[in-house]
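Per-entry structural report
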Amino acid sequence: GGRSLHSLRLPRSACLCREPVTPLSVRPTTYLRVKQIAERPKARARESELAAMLYRGKHDARAEASSALSTTLSADDVKNASPSAQAKKTSSRPRGLTAPWVLGFVVVSVWFGYFAPRALEHGGGTARMSHAFKWHLICACLTTLICVFSTLFTPSMGRKIAAIHKVIGRAAVVLSLVGTFLGYVAAWTDEGVPQATAMGLSIVGVQQFKHTIRGYRYIRQAQKSVGDERKRLIDEHRKSMVRLYYGCCLGPAWFRIPNWLGLVEHKETPLWAQAAGIIPPIIVIRMAIKAYDRKSFF
């Protein structure tokens, strides 16, 4: 009865904590932190191993690609792939510079620079021209000069050329339509115009209306299209502009070649000369389209 509570010893079976003490029984968060710290070296080792495997894989892939490239490329391919060859390609001629373009440029230069002034002087100068014919000449000359520029410098040559091509192209549509209409008025109302000349120019006018409207429609549709359809519409637009330039803008020049060569008198152009003037544009148009597609001069 006189013993203190501290001196009492309970039997082992009477202990409340019968299970051994574990780390989780103390503080779970402390245990997890210790476990993470212990596993860090293993994680770093695994990351290093994965990085090494990726590096070896990339190195092997590059080696295989370079070996395959060296075995498949021929000597000519290697020569073309050199920086000097690439620079040569960059500085090459414009794609529109073809033999038909040079021929058209010569015809325009000779026509505007020599024969047209002589014809005007022979007809009494601008004082005897009707207002319809004066404005027809202005619109026709501007349309022809725009075609000379646009068929040589195409939008594929860069953004600046593309922007210029777009602006002057819109102007050419208006000039072509207005000039053609005034040409009809002058051909059939002015005095001294031979009937054969009026008929020939009228046929040219129908074609000019056709190719101007079709070219404008194709490029508008191409702006709303993608992929192969866009390429097809742009190609059709280019062909319409080629026909407009060589067939219509230069049409009056083709009809007057017999006069320039002295085969007929300047005062009148017979029907056979009008018929002969249809042959050059047919040949030149086909040559121009093929030369552009082949990226060649001829």
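Quantities reported herein were computed from a predicted structural model and do not represent experimental measurements. Residue indices follow the written sequence of each chain, beginning from 1 at its first position. In keeping with the model being predicted, local features are shown solely for residues with a pLDDT of at least 70 and side-chain atom pairs are shown and tallied solely at 80 or more, while totals for entire chains, interfaces and linings include all residues. The side-chain numbers reported here are obtained from all heavy atoms of the structure, hydrogens and water having been left aside.

Moving on, we come to the nonpolar core. Take the buried Ala, Val, Leu, Ile, Met, Phe, Trp, Tyr and Cys residues and link them wherever side-chain atoms come within 4.5 Å; each set so joined is a nonpolar core. Only protein chains enter the accessibility calculation, which uses a 1.4 Å probe. A residue is then buried if its area is under 20% of the maximum for its type, exposed if over 50%, and partly exposed in between. The biggest cluster of nonpolar side chains holds 22 residues, and the ones touching the most others in it are Val242, Tyr245, Tyr246 and Leu250. Under the scheme used here, helices are H or I runs from DSSP no shorter than 4 residues and strands are E runs no shorter than 2 residues, and both carry numbers assigned from the N terminus. Listing elements by their share of this core, those giving two or more residues are helix 4 (99-122), helix 5 (131-152), helix 8 (227-249), helix 9 (251-260) and helix 11 (279-294). In terms of residues, this core owes the most to one element, helix 8, which gives six residues. The contact criterion used throughout is that any non-hydrogen atoms of two residues lie within 4.5 Å. Setting aside residues up to four positions removed in sequence, Leu250 forms contacts with Gly104, Val107, Val108 and Tyr245.

Attention now moves to the packing of helix 7 (residues 195-223) against helix 8. Axis lines are fitted to C-alpha atoms, over the contacting stretch for helices. Their N-to-C directions set the angle, which ranges from 0 to 180 degrees. Interhelical geometry of helix 7 versus helix 8 gives an angle of 160 degrees and a closest axis separation of 8 Å. What the angle tells us is that helix 7 and helix 8 run roughly antiparallel. You can see that helix 7 and helix 8 cross each other, and the crossing is left-handed. Between helix 7 and helix 8, the contacting residues are Val204, Gln207, Gln208, His211, Thr212, Arg214, Gly215, Tyr218, Ile219, Gln221, Ala222 and Gln223 on the first element and Arg230, Leu233, Ile234, Glu236, His237, Ser240, Met241, Arg243, Leu244, Gly247 and Cys248 on the second. Residues belonging to the contact of helix 7 with helix 8 are distributed by class as follows: nine nonpolar, ten polar and four charged. Angles below 35 degrees are treated as roughly parallel, those above 145 as roughly antiparallel, those between 65 and 115 as roughly perpendicular, and all remaining angles as oblique. Whether a crossing is left-handed or right-handed is set by the direction in which the near helix is turned from the far one by less than a right angle, anticlockwise for left-handed and clockwise for right-handed. Note on residue classes: Ala, Val, Leu, Ile, Met, Phe, Trp, Tyr, Cys and Pro are nonpolar, Asp, Glu, Lys and Arg are charged, and everything else, Gly too, is polar.

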